[in-house]
Amino acid sequence: MSPHRSALHREFRATSAWRPPGKDVTLDQAQVKIRFEGRTLTCRSGITVAVALWENGIRALSRSPKYGHPRGVACARGHCTGCLMRVDGRPNVRTCELKVREGMDIRRQDTGAFYGPLLQKTVDAGHRFFPVGFYYKWFTRPPFVSRTFLRGIRPLTGVGRIPTVDDSATPMAEDLGRVETVVIGAGPSGLEAAAASSGQVLLIDENEASGGQRGPALDMVAAAGDLDGFPLLAAAHQRLVLARQKLDSRPDIRFAGGTRVIAGYQPDGLLLREGEQLLTVACGKLIWAAGALDTLGLFPGNDTPGLLGPRALYRLVLRDGLRLEGLQVLIVGRGLDFWLSAALCAAGGARPTLVLTSSREHDEVAAAVQRNWPLHTGLVVGRVRRAGPARLDVALRPRSVDGATSASHLDMETDLLVVCNSGKPAYDIPHQLGRALALDPDRGGFLPTGSGSGSLCEVLPGGLTLDFRGEAAGDHPGEARNLQPEAPTP
Amino acid sequence: MSGPKIILCRCEDVTLEEFRAAYREGFTELESLKRYTGVGTGFCQGKGCLSEAAAELAALRQIPPSELRPTTIRPPSEPMTFGQLASLEIPEPAAPEES
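Residues numbered from 1 in each chain as written. Chains lettered and ligands numbered in written order. Predicted model: local features only at pLDDT ≥ 70, side-chain atom pairs only at ≥ 80, totals over all residues. Heavy atoms only, no water.

Novice: Can you walk me through the overall build of chain B in this structure?
Specialist: Across its full length, chain B holds four helices and two strands. Counting across all 99 residues of chain B, residues that qualify as buried make up 48%. Looking at chain B as shown, the accessible area adds up to about 5300 Å², and 54% of this sits on carbon and sulfur atoms. (Helix = DSSP H or I, 4+ residues; strand = E, 2+ residues; numbered from the N terminus. Buried < 20%, exposed > 50% of the residue type's maximum accessible area, 1.4 Å probe, protein only. Areas by Shrake-Rupley, 256 points an atom, 1.4 Å probe, with all protein chains shown as cover.)

Novice: Any chance you could explain the environment of A:Arg323 here in plain terms?
Specialist: As for its position among the elements, A:Arg323 is in the loop between helix H8 (310-319) and strand S16 (328-333). For the pair A:Arg323 and A:Glu192, spaced 131 residues apart in the sequence, the C-alpha separation amounts to 32 Å.

Novice: Please clarify how helix H3 (residues 50-61) of chain B should be interpreted in this entry.
Specialist: An α-helical segment advances 3.6 residues per turn. Residues three or four places apart therefore align on the same side. Between the first and last C-alpha of H3(B) there are 16 Å, a value that for twelve residues agrees with the 16 Å anticipated at 1.5 Å per step. Every buried residue belonging to H3(B) is among B:Leu50, B:Ser51, B:Glu52, B:Ala53, B:Ala54, B:Glu56, B:Leu57 and B:Ala58, and all of these are buried. Summarising the contacts, the buried residues of H3(B) are in contact with strand S25 (424-425), strand S26 (437-440) and strand S27 (445-448) of chain A together with strand S1 (7-9), helix H1 (16-24) and helix H2 (30-37) of chain B. A positive backbone phi angle near 55° is found at B:Gln62, which sits one or two residues after H3(B). (Expected span 1.5 Å × (residues − 1). Contact = heavy atoms within 4.5 Å.)

Novice: Quick question: what am I supposed to make of unusual backbone geometry here?
Specialist: A negative phi holds for most residues other than glycine; trans holds for most peptide bonds. In this structure, A:Pro267 follows A:Gln266 across a cis peptide bond, with omega equal to 5°. Take A:Pro267: it is sitting in the loop between strand S11 (260-265) and strand S12 (269-274). Cis geometry marks the peptide bond from B:Pro75 to B:Pro76, where omega comes out at -5°. Assignment of secondary structure puts B:Pro76 in the loop between H3 and helix H4 (82-86). Within the chain, A:Glu361 stands out as a residue other than glycine whose phi angle is a positive 60°. Within the secondary structure, A:Glu361 sits in the loop between strand S17 (351-356) and helix H10 (362-370). Of the residues examined, A:Glu361 reaches a relative accessible area of 15% and is grouped as buried. One non-glycine residue with positive phi stands out, namely B:Gln62, at about 55°. Mapped onto the elements of the fold, B:Gln62 is located in the loop between H3 and H4. Residue classification places B:Gln62 among the exposed positions, given a relative accessible area of 72%.

Novice: How should the interface of chain A and chain B be read in this particular structure?
Specialist: The extent of an interface is frequently quoted as the accessible surface area lost upon association of the parts. Between chain A and chain B, the contact holds 64 residues from the first and 52 residues from the second. Taking both partners together, chain A and chain B bury about 4800 Å²; carbon and sulfur atoms supply 59% of that area. Its largest share of buried area at the contact with chain B, chain A owes to A:Val132, A:Leu298 and A:Leu439, together 14% of the area lost on that side. In this assembly, chain A and chain B are joined by eight salt bridges. A salt bridge links B:Glu78 to A:Arg94, with the nearest nitrogen and oxygen atoms 3.9 Å apart. Between chain A and chain B we count 23 residue pairs in polar contact (both at pLDDT 80 or more) in total. Among the elements that take part in the side of chain A that touches chain B, S11(A) stands out by supplying five residues, more than any other. (Buried area = accessible area lost by both parts, 1.4 Å probe. Salt bridge = Lys/Arg side-chain N within 4 Å of Asp/Glu carboxyl O. Polar contact = N/O pair within 3.5 Å; in protein donor to acceptor, adjacent residues only side chain to side chain.)

Next comes the structure, spelled out in structure tokens:
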């Protein structure tokens, strides 16, 4: 046995330790004080900085680099730039993932000693005079003009100030050695795939509990008894329950919750991060069942703070403890995430208003009508604008079906807008491990082509309903089958 | 006062209009569009926008989307500090074989 083998036996959480969250997220109700831009704010402990600011009416956490648009939490997953702030002297901190601490000093960054709001507003309004690629065209010769221009423009680009704290306390990375099968993603697909894999299996998910991005939301809606009348939700919850049972029958599978894969190195290396701790692992086979990323769609104002995708909503409410009581939530879209967002908002005490973009889903419509949720159809988001620090002005326009429009325009003010398009698959790690990918816009983005193409990486595309044939996989010990995504609902 | 813009890439503040303008200027590959407009080169390294940008490009070029391949997504997938990088024990690469 290699010396680092024993490292695999580090205390990963057992999957059976998962607890369904109650209707109220159990958070320490103690209050902490934080400093924001010199002001003192009071918030509950145990919530993230982004949620603490949100509940204090502050949604614009940063400004966009060129136009200075206000930005806020959008992905709630540490991917986007919306929540980057300067915390305790450290720049570019993802405040959607950082828990509040007493006395924490939080500041907006890059709002500009040099590149002030005035200049950003000028660029925003006069964007035609700053066309794409202008930095490649203007002031390029003679050379001294170029040098002077670059020297002048660099300080204007808002690259921030360097940290004033010492980061040298990084723990050494730990090597987990080699694992036969690594499954990334503990949603239903990942759970089924892990349960169907023989031998040594390591199951990894960035969430603390299994169940994927929708899991906690489904659990909360089920616990509130609100699955009735929603076949889409009931089926998703049922699948999750069965997948968890399958996994519970395999106590040998190790589950690393709260762990994120941040790099793939050919041929078989993975770099993981659990909090501040980096881990490396070599995998015999990788099963990629990472969930989808939210897609918000392309419409004017699609970067406005307060506009979220469903997965971000689930995380903010169930992981971070955002309170929905009394909020007006406009939910636009269709499918499982649309109804799950609606049911979650209702269970959390918000007032959902629904704009359904599907002409199917009749059972769910009937259930919504029964619950007196205002429901509109034939509309899509046309434009979003801020109507105050924590209010949105949403213009809905008719959705054209075969060239015919079916409804009139509708303007609405709301606290929160949730756009539930079908998500797009995450593909970065399979790509880094050499898996060939091609664009499939019907399924949201880049998906693997063909079968295998010489890579050890097997991919369960996220953002799709997957039909994982667990039984069939059992016929081939040690080999999960390539999975056929179901056709997306039209 | 200008109206709200359609933002394609949030990290680098690239609008859909700018992406289309770059295409009209003759940048017709995803790779060159990425370099010219900055789409997908920001903090998120394209998680937020490359799928959308590729779909838009397929529509502009009127080609089957399956012909489009992603641009290289280099590791790591999220920003790391030099301290973290230094904490990694990188095995010595094997000496290249003489051919």
